[in-house]
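# Structure at a glance
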Amino acid sequence: MVDIMRIGIVGAGLGGLLAGALLSKSHEVVVFEKLPFLGGRFTNLEYEGFQLTTGALHMIPHGNDGYLAQALRKAGANVKIVNSEPDGTFLVNEKEYLYKELFSLLGFKEKAKAIALATKLKLGKVDENISFGEFLEDVDLALKVGNAFTGWALSLTAYETPMSEIIEIAKNYHKFGGPGIPIGGCKAVIDEHSRIIKNNNGRIIKEYEVKRIETDEKAYIDDYEFDVVVSNISPVETQKLCNIKFLKSKPKPSKGIKISIATKEGIIKHSGVLFTPECERINGLNQVTNVDKSLAPEGWHLVMTHQTQLTNNIKKEIDLGLEDIENLFKGKDYRILHIQSYRDDWPVNHASNGTDIDNIVNDKLYLVGDGAKGRGGIEVEGIAMGVLKVVEHINNVLNAKTK
Ligand code: AMP
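The sections below set out a description of the structure shown in this document.

Surrounding the ligand, one finds 16 residues, the nearest of these being Glu33, Lys34, Arg41, Val210 and Ile233. Contact between the ligand and Val210: a nitrogen atom at 2.9 Å from a main-chain N or O atom of the residue. Starting from 500 Å² of accessible surface for the ligand in isolation, the protein chains cover 90%. Split by residue class, the shell around the ligand holds seven nonpolar, five polar and four charged.

Moving on, we get to the pairing of strand β16 (residues 284-287). By the alternation rule, side chains of β16 split into Gly284 and Asn286 and Leu285 and Gln287, which are all buried. Bridging between strand β15 (residues 273-275) and β16 involves two bridges; their strand directions are antiparallel. Note on β16: the bridge partner recorded for Leu274 is Leu285. Inspection of the sheet shows β16 paired to strand β17 (residues 301-308) by four bridges, in the antiparallel sense. Counterpart to Gly284 in the pairing with β17 is His306.

What follows is about the side chain of Thr157. Tracing the backbone through its elements, the reader meets Thr157 in the loop between α5 (140-154) and α6 (163-176). Non-local contacts of Thr157, meaning those with residues more than four positions away in its chain, are made with Asn147, Thr150 and Leu310.

Under the definition given, this model contains 11 aromatic pairs. A ring pair is formed by Phe50 and Trp300, whose centres lie 6.1 Å apart and whose planes are at 75°; its orientation type is edge-to-face. Residue Phe50 is located in strand β4 (residues 50-53), and its partner Trp300 is located in the loop between β16 and β17; the two are separated by 250 residues in the primary sequence. On the basis of relative accessible area, Phe50 is assigned to the buried category, the value being 1%. We classify Trp300 as partly exposed; its relative accessible area is 24%. Both rings, one in Tyr99 and one in Phe103, keep their centres 5.7 Å apart while their planes meet at 80°; by these two values the pair is edge-to-face.

Turning to the sheet that holds strand β13 (residues 228-231), a few remarks are in order. One open sheet holds the five strands; their spatial order is β9-β2-β1-β13-β19, and the pairing between them is parallel. The sheet is open, and its two borders are formed by β9 (203-205) and β19 (365-367), each paired with just one other strand. Looking at each pair of strands side by side, their axes are set apart by 20° on average, direction ignored. With three bridges connecting them, strand β2 (residues 28-32) and β9 associate as parallel partners. Across the sheet, residue Val31 finds its bridge partner in β9, namely Ile204. Sheet contacts for helix α10 (residues 379-401): β1 (6-10), β13 and β19; angle to β19, the most-contacted strand, approximately 155°.

The subject of this paragraph is the packing of helix α2 (residues 67-75) against α10. As a packed pair, α2 and α10 sit with axes 7 Å apart at the nearest point and diverge in direction by 50°. On the basis of the axis angle, α2 is oblique to α10. Seen along the crossing, α2 lies across α10 with a hand that is left-handed. Residues Tyr67, Leu68, Ala71 and Lys74 of α2 form the contact with α10, whose own contacting residues are Val380, Glu381, Ala384, Met385 and Leu388. Partitioned by chemical class, the residues of the contact of α2 with α10 number seven nonpolar, no polar and two charged.

A few words now on the side chain of Gln309. Looking at the secondary structure, you find Gln309 in the loop between β17 and α9 (314-329). What makes Gln309 buried here is its relative accessible area of 10%. Here the side chain of Gln309 touches Thr311 through a polar contact of 3.1 Å, landing on its backbone oxygen. In contact with Gln309, not counting residues within four places along its chain, are Lys255, Gly256, Ile314, Glu317, Tyr342 and Arg343.

So, about the environment of Gly374. Along the polypeptide, Gly374 turns up in the loop between β19 and α10. Assessed through its relative accessible area of 14%, Gly374 is described here as buried. For the pair Gly374 and Asp191, spaced 183 residues apart in sequence, the C-alpha to C-alpha distance is 24 Å.

The next point concerns α6. Its 14 residues place the ends of α6 20 Å apart at the C-alpha level, agreeing with the 20 Å of an ideal helix rising 1.5 Å per residue. Of all 14 residues in α6, 10 are buried, a share of seventy percent or more. All buried positions along α6 are accounted for by Met163, Ser164, Glu165, Ile166, Ile167, Glu168, Ile169, Ala170, Asn172 and Phe176. For α6, the elements touching its buried residues are α2, α3 (108-123), α4 (132-136) and α5. Downstream of α6 by a residue or two, Gly177 has a phi angle that is positive, lying close to 85°.

Cut-offs and rules
Residues numbered from 1 in each chain as written. Predicted model: local features only at pLDDT ≥ 70, side-chain atom pairs only at ≥ 80, totals over all residues. Heavy atoms only, no water. Near = heavy atom within 4 Å. Polar contact = N/O pair within 3.5 Å; in protein donor to acceptor, adjacent residues only side chain to side chain. Areas by Shrake-Rupley, 256 points an atom, 1.4 Å probe, with all protein chains shown as cover. Nonpolar A, V, L, I, M, F, W, Y, C, P; charged D, E, K, R; others polar. Buried < 20%, exposed > 50% of the residue type's maximum accessible area, 1.4 Å probe, protein only. Helix = DSSP H or I, 4+ residues; strand = E, 2+ residues; numbered from the N terminus. Pairing = 2+ DSSP bridges. Contact = heavy atoms within 4.5 Å. Phe/Tyr/Trp six-rings, centres within 6.5 Å; stacked < 30°, edge-to-face > 60°. Axes fitted to C-alpha atoms, helices over the stretch in contact; angles between N-to-C directions. Parallel < 35°, antiparallel > 145°, perpendicular 65-115°, else oblique. Left-handed = near helix turned anticlockwise from the far one by under 90°. Expected span 1.5 Å × (residues − 1).

The following block contains the structure:
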């Protein structure tokens, strides 16, 4: 039996709500959210009948089998995730190729090098201390493909991505497979969490900005007393509000730009990611309406592109992204719905992969969210890994200590 604890959660993003849904099964949970809506960077944003998002791409990196899907099932969330088929294709010389088919584009020597790299990665026989860019740089196409993948999945260039992260990502990919699309988009996941928290007699207080977190004999969120505080705001913001200083290193955020496009014709035939290694800026795009038509008005498709932010000249980055889109759609009908840039206090990740902060600060204070992802966790998968670690610690380790 787990002793009932009073748990306060700061922030109702995916991490805070997932932690709340899982913890409210055996504890008293109160979630504090600054904004009038729930979900942070993982919810829908309706615009002209299209379900755009506040951040994420209506995609779950390891689909119906990954860490997030497992955590959702554990919480009792009723969310349908449709696995993409295929996971993705790569646009090279205006033709789409599956990952395996890319090898056929290489000359004899490069093909041998590329096969050796792929085998080394599969076996995990790689120097952990180099970057993914350094690992790939001998094969030009591999580096371009690597950049498209890390740009789309992590909002980093291959050179910014530590090989140690790629090794874990590759393991997760072999275990769980590629992405999937949640029916109803990000908001369907968020709605289920808030339903579960309320069903378990938890409370969610909206439009409440937390100003102080204290961890001493007891834990406090402002004047509310708790046994444990879980913070879903960034590690840096958490430390600013907290009476203790716990950050030994500063996480490096990852930044990116998402462009949402309306099109009647559509541009992608499948439900996976179209990676664009030859674009100037765009790393990839998806067309989620191939799986869930409800994400756009009848007769329309919703396409989302993502690009990592390479320079601080946002206007130039957006213009180059728009030029890529013009080349990709060449002659097809399309309309730009929305351009969103993710940086500063609304980044792609508060900690880019490899710079994440440990979830457990002490027995009273825990971090969740994209500043405290598990190793090799792509976006929301990393958030789920962190949440599962926190829940396990609170229910098992902490519970045993207090007995
Ligand atoms: P995300 O950005 O998706 O990880 O979600 C974090 C959530 O925390 C967002 O919904 C923010 O509005 C919320 N948030 C940020 N700072 C505070 C604060 N001081 N008090 C309450 N909620 C906050």
